[in-house]
Amino acid sequence: MNRSFVSIADYSKEEILHLVRRAEYFEQYPNQKVLEGKVCATLFFEPSTRTRLSFETAVNRLGGRVIGFSDAATTSSSKGETLKDTIKMVSNYADLIIMRHYLEGAARYASEITDVPIINAGDGANQHPSQTLLDLYSIYKTQGRLTDLTITMVGDLKYGRTVHSLLTGMSHFNPIFRFVAPEELHLPDIYRQFMDINNIRYYEYTDFSPEVINQSDILYMTRVQRERFTDLVEYEKVKNIYVLTNAMLKGSRDNLRILHPLPRVNEIAQDVDDNPKSYYFEQARNGVYARQAIICNALNLK
Ligand code: CP
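Source: prediction; values computed, not measured. Think of each chain on its own: its residues are numbered from 1, step by step along the sequence as written. It should be noted that, the model being predicted, local features are given only for residues of pLDDT at least 70 and side-chain atom pairs only at 80 or more, the latter also being counted only at that level, while totals for whole chains, interfaces and linings use all residues. Think of the side-chain values as coming from all heavy atoms in the structure, minus any hydrogens and water.

Enquirer: What should I look at first to understand the layout of surface pockets in this one?
Expert: Empty pockets left among the atoms are what a rolling probe the size of a water molecule brings to light. Buried and open spaces are told apart on a 1 Å grid over the protein atoms alone, a cavity being a set of points where a 1.4 Å probe fits but cannot get out and a pocket being an open set with protein on both sides within 12 Å along at least five of seven lines. Residues with an atom within 4 Å of a point are the lining residues. Grid points are joined across faces, edges and corners, and a volume is the space filled by probe spheres set on the points. What the largest pocket holds in volume is close to 480 Å³. Together, 24 residues line the largest pocket, and R100, R161, R223, E227 and P263 are the ones closest to its centre. Taken together, the elements giving at least two residues each to the lining of the largest pocket come down to α2 (50-61) and α6 (161-170). Residue composition of the lining of the largest pocket, by class: six nonpolar, 10 polar and eight charged. Each domain's extent is set by a domain assignment, obtained either automatically or from a database. Residue-level mapping places the lining of the largest pocket at the junction of two domains, with at least three residues from each of domain 1 (8-128 + 287-298) and domain 2 (129-284). The helix and strand labels rest on DSSP assignments: H or I over at least four residues marks a helix, E over at least two residues marks a strand, and numbering proceeds from the N terminus. Each residue gets one label: Ala, Val, Leu, Ile, Met, Phe, Trp, Tyr, Cys and Pro are nonpolar, Asp, Glu, Lys and Arg are charged, and the others, such as Gly, are polar.

As structure tokens, then:
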């Protein structure tokens with residue numbers, strides 16, 4: 001059985017909760033030498049700071065070795081080698097492949113052409129399931145539960161793959177979603193249909209108002225994804241559309257936590273960083289533990 005981690009949609013509520021508990025375990029015991037003798041490849045066809053470095057930290061803390069690249073321009077893909085051939089080659093060298101690619105569906109495709117487990121570290125504007133697991137773990141840690149929460153997602157809901165994945169992962173836990181986006185960056189119809197079919201309550205806004213903030217348990221801010229725009233004039237129109245400032249949090253719930261997958265550009269003002277409700281840097285640290293859980297699951301390790 002191929003234990004690839006391609007989309008959070010492939011996982012049941014019980015499987016997600018199991019991974020969250022495993023992340024909790026790895027936070028308590030991060031140094032476990034269960035990957036001794038294993039080689040993990042990190043293939044990043046798109047830039048990354050957190051995802052690649054936290055996956056590599058996770059492998060190192062588990063006692064494994066890492067090979068890979070962070071710039072595809074230095075690899076034979078720049079000479080025209082196909083993704084299929086690259087995956088077939090790396091499968092000769094590694095026990096696990098962690099891949100970020102600009103094409104939607106690239107991770108699924110890779111998982112179908114090799115027996116080596118593939119972990120999707122982001123495929124275009126589609127999914128980012130390892131980010132979702134760390135987001136779920138962060139929500140669980142800060143709220144004490146995953147059920148019955150109001151999650152407000154703000155910014156680029158069209159191209160933001162972390163939004164698409166988190167929405168899917170949270171669907172098991174009776175959420176209320178509030179989506180704040182300009183018309184140009186609305187959530188794709190496929191996700192609205194998914195929520196309608198699954199009886200998930202959601203509300204959509206173009207104004208980032210105090211009413212919306214004050215009804216939220218989690219405020220999930222996102223960056224406008226410049227790299228997905230074909231017309232940069234369109235990007236310029238929306239790039240600074242929502243900026244969260246400290247003053248805007250005045251009437252927010254005590255339990256509110258502000259999450260952001262990062263990198264941030266302008267959408268969270270620096271003065272929010274010192275507010276105890278900001279959680280995005282801790283959220284990124286949780287990525288190591290969540291990814292340790294994902295790696296062990298993919299390799300069928302305790
Ligand atoms: N959140 C996230 O995917 O960050 P990086 O692009 O830096 O990996």
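So, next bit.
Enquirer: I keep staring at the pattern of salt bridges and nothing clicks. Help me out?
Expert: A side chain of one charge can pair with a side chain of the opposite charge if their charged atoms are brought near each other. What makes a salt bridge here is a side-chain nitrogen of Lys or Arg within 4 Å of a carboxyl oxygen of Asp or Glu, nothing more. Applying the stated criterion across every chain yields a total of 12 salt bridges. Residues R108 and D10 are paired through a salt bridge, measuring 3.1 Å at the closest nitrogen-oxygen approach. Remark: D10 occurs in the segment before α1 (13-28) and R108 occurs in helix α4 (residues 106-112); sequence separation between them is 98 residues. Residue E236 pairs with K239 through a salt bridge whose shortest N-O separation is 2.9 Å. A 1.4 Å probe rolled over the protein chains alone gives each residue an accessible area, and that area as a share of the maximum for its type sets the label: buried under 20%, exposed over 50%, partly exposed in between. Residue classification places E236 among the partly exposed positions, given a relative accessible area of 45%. Taken together, the shared-partner salt bridges in this structure form one network comprising E46, R161 and R228.

Enquirer: When you look at the packing of aromatic side chains in this model, what are you seeing that I'm missing?
Expert: Think of a pair of aromatic rings as described by two things: how far the centres are apart, and how the planes are tilted against each other in angle. Geometry of aromatic contacts follows a simple scheme: Phe, Tyr and Trp rings, the Trp one being its six-membered ring, pair when their centres are within 6.5 Å, and the pair is stacked under 30 degrees between planes, edge-to-face over 60, tilted otherwise. Counted by the stated rule, this structure contains 10 aromatic pairs. Here the aromatic rings of F45 and F69 are separated by 5.2 Å at their centres, their planes lie at 90°, and the arrangement is edge-to-face. With a gap of 24 residues between them, F45 in the loop between β1 (39-44) and α2 and F69 in strand β2 (residues 65-69) connect regions that are remote in the sequence. With respect to burial, F45 and F69 carry one shared label: buried. Positioned above the aromatic ring of F55, the side-chain terminus of R291 is 5.0 Å from the ring centre. By definition here, charges over rings are those cases where NZ of Lys or CZ of Arg is within 6 Å of the ring centre and within 35 degrees of the ring normal.

Enquirer: Can you walk me through the sheet that holds strand β6 (residues 176-180) in this structure?
Expert: Strand pairing in a sheet takes place through backbone hydrogen bonds and is either antiparallel or parallel in direction. Taken in spatial order, the five strands make up an open sheet running β7-β6-β5-β8-β9, and their pairing is parallel. At either end of the open sheet lies a strand with only one pairing partner, and these are β7 (201-205) and β9 (257-259). Each strand axis lies, on average, 20° off the axis of its neighbour in the sheet, ignoring direction. DSSP calls a pair of strands paired once it identifies at least 2 bridges connecting them. Of the pairings in the sheet, the one linking strand β8 (residues 218-221) to β9 comprises three bridges and is parallel in character. Looking at the pairing, L219 lines up with I258 of β9. Here helix α7 (residues 189-197) sits on the sheet and contacts β6 and β7; the angle it forms with β7, its principal contact strand, is near 145°. Lines are fitted to the C-alpha atoms to define the axes, a helix being fitted only along its stretch in contact, and any angle between axes, read from their N-to-C directions, falls within 0 to 180 degrees. It only takes one pair of heavy atoms within 4.5 Å for two residues to be counted as in contact.

Enquirer: Even after reading the chapter, I still don't get the site of the ligand, so can you show me in this structure?
Expert: Nearness here has a simple test: a residue counts as near a molecule or strand if at least one of its heavy atoms is within 4 Å of that partner. Around the ligand, the structure places S48, T49, R50, T51, R100, H128, Q131, P261 and L262. Side-chain polar atom of R100 to an oxygen atom of the ligand: 2.9 Å apart, as the coordinates give it. At a threshold of 2 Å from the grid points, most atoms of the ligand map onto the largest pocket. Counting the residues that make up the shell around the ligand, at least three belong to each of domain 1 (8-128 + 287-298) and domain 2 (129-284). We define a polar contact as two N or O atoms separated by no more than 3.5 Å, with the added condition that, inside protein, one atom must be a possible hydrogen donor and the other a possible acceptor, whereas residues neighbouring each other in sequence contribute only through side-chain atom pairs. Those molecules having more than half of their atoms within 2 Å of a cavity or pocket grid point set are described as sitting in that cavity or pocket.

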